[in-house]
Amino acid sequence: MSRRTDIKPAEGKLGVLLVGLGAVATTFVAGVEAVRRGRAQPIGSLTQLGHIRLGKRTENRNPLIKEFVPLAALDDLVFGAWDPIPDNAYEAAVKAGVLEARDLEPSREFLESIRPMPAVFDKSYVRNLDGENVKRGKNKRELAEQLREDIRRFKEEHGCSRLVTVWCGSTEIFLQPSEVHQTLAAFEAAMERNDPQIAPSMLYAYASISEGVPFANGAPGLTVDFPAIWELAREKRVPIAGKDFKTGQTFMKTVLAPALKARMLGLSGWFSANILGNRDGLVLDDPDSFKTKEESKLGVLDYILQPELYPELYGEVYHKVRINYYPPRGDNKEGWDNLDIFGWLGYPMQIKVDFLCRDSILAAPIVLDLALFLDLAQRAGMHGIQEWLSFYWKSPMTAPELYPEHDLFIQHMKLKNTLRHLQGEKEITHLGLDYYE
Ligand SMILES: NC(=O)c1ccc[n+]([C@@H]2O[C@H](COP(=O)([O-])OP(=O)(O)OC[C@H]3O[C@@H](n4cnc5c(N)ncnc54)[C@H](O)[C@@H]3O)[C@@H](O)[C@H]2O)c1
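Residues numbered from 1 in each chain as written. Predicted model: local features only at pLDDT ≥ 70, side-chain atom pairs only at ≥ 80, totals over all residues.

Draft legend 1. How the structure looks around the site of the ligand. For the ligand, the set of nearby residues contains 37 residues, the closest of which are Gly20, Gly22, Ala219, Thr247 and Arg279. For the shell around the ligand, the secondary-structure elements that each account for two or more residues are helix 1 (23–36), helix 12 (279–283) and helix 15 (359–379). In terms of residue count, the dominant contributor to the shell around the ligand is helix 15 (4 residues). Residues of the shell around the ligand, tallied by class, amount to 21 nonpolar, 11 polar and 5 charged. If you count residues domain by domain, the shell around the ligand takes at least three from each of domain 1 (13–245 + 360–422) and domain 2 (249–356). (Near = placed C-beta within 6 Å. Helix = DSSP H or I, 4+ residues; strand = E, 2+ residues; numbered from the N terminus. Nonpolar A, V, L, I, M, F, W, Y, C, P; charged D, E, K, R; others polar. Domains from an automatic or database assignment.)

Draft legend 2. A look at the sheet that holds strand 2 (residues 77–82). Spatially, 6 strands are ordered 2-1-3-4-5-10 in an open sheet, and the strand pairing comes out parallel. Only two strands of the sheet have a single partner each, and these edge strands are strand 2 and strand 10 (384–385). Where strand 1 (residues 13–19) and strand 3 (residues 160–167) come together, 7 bridges link them in parallel fashion. Opposite Leu18, over in strand 3, you have Val166 as the bridge partner. Sheet contacts for helix 15: strand 1, strand 3, strand 4 (215–217) and strand 5 (239–242); angle to strand 3, the most-contacted strand, approximately 130°. (Pairing = 2+ DSSP bridges. Contact = placed C-beta atoms within 7 Å. Axes fitted to C-alpha atoms, helices over the stretch in contact; angles between N-to-C directions.)

Draft legend 3. Here's a closer look at the sheet that holds strand 7 (residues 318–325). Spatial ordering of the open sheet is given by 7-6-8-9, a layout of 4 strands whose pairing is mixed. Every other strand in the sheet has two partners, leaving strand 7 and strand 9 (348–356) as the edge strands with one partner each. On average, each strand axis in the sheet is inclined to that of its neighbour by 10°, with strand direction left out of account. Judged from the 8 bridges that link them, strand 6 (residues 266–276) and strand 7 form a sheet pairing that is parallel. Considered in strand 7, the bridge of Phe271 is made with Lys320. The sheet strands contacting helix 11 (residues 249–262) are strand 6, strand 8 (334–342) and strand 9, and the helix crosses strand 8 at an angle near 15°.

Draft legend 4. Seen up close, helix 11. Under the 1.5 Å per step criterion, the end-to-end length of helix 11 is 20 Å for 14 residues, consistent within 8% with the ideal 20 Å. All buried positions along helix 11 are accounted for by Gln249, Thr250, Lys253, Thr254, Ala257 and Leu260. One face of helix 11 carries all of its buried residues, which in axial projection span an arc of 135°. For helix 11, exposure combined with an orientation more than 90 degrees from the buried face picks out Ala259 and Ala262. Once helix 11 ends, the next one or two residues include Met264, with phi positive near 55°. (Expected span 1.5 Å × (residues − 1). Buried ≥ 20, exposed ≤ 12 C-beta atoms within 10 Å, placed from the backbone. Arc of directions from axis to C-beta.)

Draft legend 5. Main features of unusual backbone geometry. Residue Lys243 is reached from Gly242 by a cis peptide bond, and omega for that bond is -5°. Mapped onto the elements of the fold, Lys243 is located in the loop between strand 5 and helix 11. Not every positive phi belongs to a glycine, and Asn60 is a case in point at roughly 55°. Mapped onto the secondary structure, Asn60 falls in the loop between helix 2 (46–49) and helix 3 (65–68).

Draft legend 6. Structural view of the pairing of strand 1. Counting buried residues in strand 1 gives 6 out of 7 residues, a clear majority hidden from the surface. Of the strand pairs in this sheet, strand 1 and strand 2 are connected by 6 bridges, and their pairing is parallel. If you follow Val19 over to strand 2, its bridge partner there is Trp82.

Draft legend 7. View of the environment of Glu211. Along the chain, Glu211 falls in the loop between helix 9 (200–210) and strand 4. Spatially, the C-alpha atoms of Glu211 and His51 are 33 Å apart, while their sequence positions differ by 160 residues.

Draft legend 8. How the structure looks around the domain arrangement of the chain. When its domains are assigned, the chain resolves into domain 1 (13–245 + 360–422) and domain 2 (249–356). For domain 1 versus domain 2, the distance between C-alpha centres works out to 26 Å. In this assembly, 26 residues from domain 1 lie in contact with 26 residues from domain 2. Considered class by class, the residues forming the side of domain 1 that touches domain 2 number 12 nonpolar, 9 polar and 5 charged.

Following this line, the structure appears as structure tokens:
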């Protein structure tokens, strides 16, 4: 049995700072408020509904996760946001069209009270978007300093004891790590000279971590995933996590691909198409933003299927992902998957998946869990990349020498074992040896 970790209690208010007050962020905030008022259940949230088995199966110990580890209570959450579009959370939620009036009206006043702070925004990184609620500064360093001031002011004004930041902003154009991302010194110098390799999202990550605030990246951009920012997170002892919420199609992919591999069934092609009509879909209509998303969605299969170990089964998989902006569907995305698989003696078969999902309904509980778990991690003294939260990501961040774990069930086990470990409980390996003890 491992030693119980000293975890500071979840006392006082936890401020959740959302970068981007669009469909996902408003669905999350309105949902938490509806749950707090006893009007809804937090469906999809592991921190709120999940149980965790402890000890041997005969012991019958299955506490709720939120009772097993000290998580912030929903009543202690307060929300802040930045967005280049000045709409308050109520107006933004109505425009997003995810939740219906019956779910928004009872919390209208509360939602109207959440007004976005001016954003660090630059249209060259999100081309299909305009907004006037934007900060001005002489260079990127100064803009980051303004964000730091926002964070301090928010904490003070709302009497928060702790904060976490979650990027729920649009997907920025594709950027690869370059010289300026390698060290903190190079990154800070590059901010001073307004280097184009530094996207707005990186400034939020820099500001947040500099203020000792954990940061999660819900979009696929580099944002908090490059050596300079890891260095800062290490130095400030701040937990970070990313990237790209695993919600609809990739969620399904990371369930089905491990199943095929577990049965040693072959795969020759996987075609994934999506239609969606929300603002996210509009942003992804720009090829450079789509490229960032595409990279994030494509990586999954290679890691799960390990073609280098199974060339006869997965050596020649044709994998294609398409996202099409189609306004009539709004946030209610449809994702089609066609899998060409083969079995015994190479005989071909097909699997078709048609997932009529609601993007933000799937993403909102993930935002909640990440905010609560990152806060827990910080109180437990964990810092840097939180791989145990891979469960929530399309492209889980890892230490540079490791490959990401994509299999949803391995990710789930890793998350629960981390919680067991923190509380000094035995990790569960499903070996069954306990039976003989
Ligand atoms: N919904 C899902 O299932 C899902 C899954 C994975 C990832 N994501 C990602 O989550 C993000 C949010 O999705 P959404 O559906 O809420 O999109 P959305 O377009 O409704 O909201 C994004 C908001 O971010 C704002 N924004 C853009 N740049 C900003 C900046 N620099 N600073 C502050 N705000 C900024 C936009 O004005 C907009 O209001 C997107 O990047 C999306 O790709 C969503």
